[in-house]
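Fold and geometry: a report
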Amino acid sequence: MTVTQTINLITSGGCDKSFAALYGDDRVNAQRERWIKLANSFLSLYGDSEVSLLSVPGRTELLGNHTDHNNGKVLAAAVDIDIIAIAAKAEDNYIRIKSEGYREDVVCISDISPEKAKKGSSSSVIAGVCDYFLANGGKVGGIRACTTSDVLTGSGISSSAAFEVMCGNMLNNMYNDNKFAPLFLAMAGKYAENVYFGKPCGLMDQTACASGGCSFIDFGGEVASLRKITPDLGDMILCIVNTGGNHADLTDDYASVPSEMHSCAALMGKKTLREVDENEFISRISVLRANVGDRAIMRALHYFAENRRVAEAVNCLENGDTKGYFACVTDSGNSSFRFLQNVYTNKNVSEQGLSLALALTERMGLTCRVHGGGFAGTIQVFIKNEDVDAYVELLDSV
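Described in the following lines is the structure provided in the data block.

Within the secondary structure, V381 sits in strand β10 (residues 378-384). V381 gets classed as buried once you look at its relative accessible area, which sits at 0%. For V381 and A181, which are 200 residues apart along the polypeptide, the C-alpha to C-alpha distance reads 32 Å. If sequence neighbours within four positions are ignored, V381 has contacts with I237, L238, C239, V241, T361, L366, T367, C368 and Y391.

What follows is the structure, given as structure tokens:
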């Protein structure tokens, strides 16, 4: 369909079933307006081309804090907040993506390399995803696209991973007959973020965004394994609280977590902690302390325990044990705070929005934990629908 035909289809309600499936019945009207606005943006910028409509969700990490980068286990789920795109093929060698609120990103696909990428930019991500496709049997080509995202930057639900997977989706859809599986798109995103964007990360965020639904992901094999589960938490709602923390200059904090875990594994003669025997690790702590320091050891201990918690949480959800699952969530949060130590940065100890939000949430008797990478950003809260308004009022006032 052309952009004009797409606008007419959406206006007439032709996409309402899809919108209801993605966002819920109560949000169909708002999403209809959102998609029409994006289509008009494409029309004014790139003309009335044949287009594709794509959506990639944000994600929430239900359990498995900082385990993926050491081939651990993760329980993750897509959320009903997404980045959407209207995209078309182009006959030249340029990918042009205009994201709402940002300048147009332009990448020449015939001239891409990590050395030429502008680190920390969206254009570097686009180039990195293209590079991964080309290196792994995929095709790339010119693209014109407009995007808009409800996955807010710094919200802890993986705006960067969603954008990376969206870039992969465009190439997969328009030039590769959708032959590449979600895990391939996730790996393309991780490669782009690590090598081109310049940020160390694991594979969990991209895998959850690419896969959708709720998934138990085990990164322990040569290829990650993924098992879908369908949790039933009754009348409980998952809230992600943005504490409004400052994300500036936190790359070193994030990078130190996998780096210290890897340093522990290296001293044990392994590449990742997943390959390390925990009992042997315990027996050699005195040697490890002298080489990597106490924090690295505590982070490794968190890793071992968190892997066990993920498996226990999955068992609880598959057997309808909500109480047991929430106990795992609480234990994960406590371990992240005490041993992983990713709830606040030591660079600015006067700012501890995550700690404060957790304290206020616990005071209300609610299950909560740090969410995502930590140090600033968001916490995760499980709450009954009837209590949401009071909780939001309290946290907003703070």
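A few words on the side chain of D218. Among the secondary structure elements, D218 is positioned in strand β6 (residues 214-218). A polar contact of 2.9 Å, which involves the side chain of D218, links it to the side chain of R274. Beyond its immediate stretch of four places on either side in the chain, D218 contacts N71, G72, K73, A224, S225 and R274.

Pairing is antiparallel in the open sheet, where three strands are placed in the order β8-β10-β9. Looking at the sheet topology across the chains shown, the edges are occupied by β8 (236-242) and β9 (367-371). Strand-to-strand twist across the sheet, computed as the mean angle between neighbouring axes with direction ignored, equals 25°. Sheet topology places β9 next to β10; five bridges connect them, and they run antiparallel. Bridge assignment links V370 to a residue of β10, and that residue is I379. Against the sheet, helix α12 (residues 322-340) makes contact with β8, β9 and β10, and its axis sits at roughly 45° relative to β9, the strand it touches most. Seen against the sheet, helix α14 (residues 388-397) touches β8 and β10 and runs at an angle of roughly 150° to β10.

This part is about the pairing of β6. Looking down a regular strand, the side chains alternate between one sheet face and the other. In terms of burial, β6 is largely enclosed, as five of its five residues are buried. Pairing of strand β2 (residues 73-90) with β6 involves five bridges; the strand directions are antiparallel. Across the sheet, the residue bridging to A77 is C214, located in β6. Inspection of the sheet shows β6 paired to strand β7 (residues 225-229) by five bridges, in the antiparallel sense. Its bridge partner being in β7, F216 is matched across the sheet by R227.

The rules we used
Residues numbered from 1 in each chain as written. Predicted model: local features only at pLDDT ≥ 70, side-chain atom pairs only at ≥ 80, totals over all residues. Heavy atoms only, no water. Helix = DSSP H or I, 4+ residues; strand = E, 2+ residues; numbered from the N terminus. Buried < 20%, exposed > 50% of the residue type's maximum accessible area, 1.4 Å probe, protein only. Contact = heavy atoms within 4.5 Å. Polar contact = N/O pair within 3.5 Å; in protein donor to acceptor, adjacent residues only side chain to side chain. Pairing = 2+ DSSP bridges. Axes fitted to C-alpha atoms, helices over the stretch in contact; angles between N-to-C directions.

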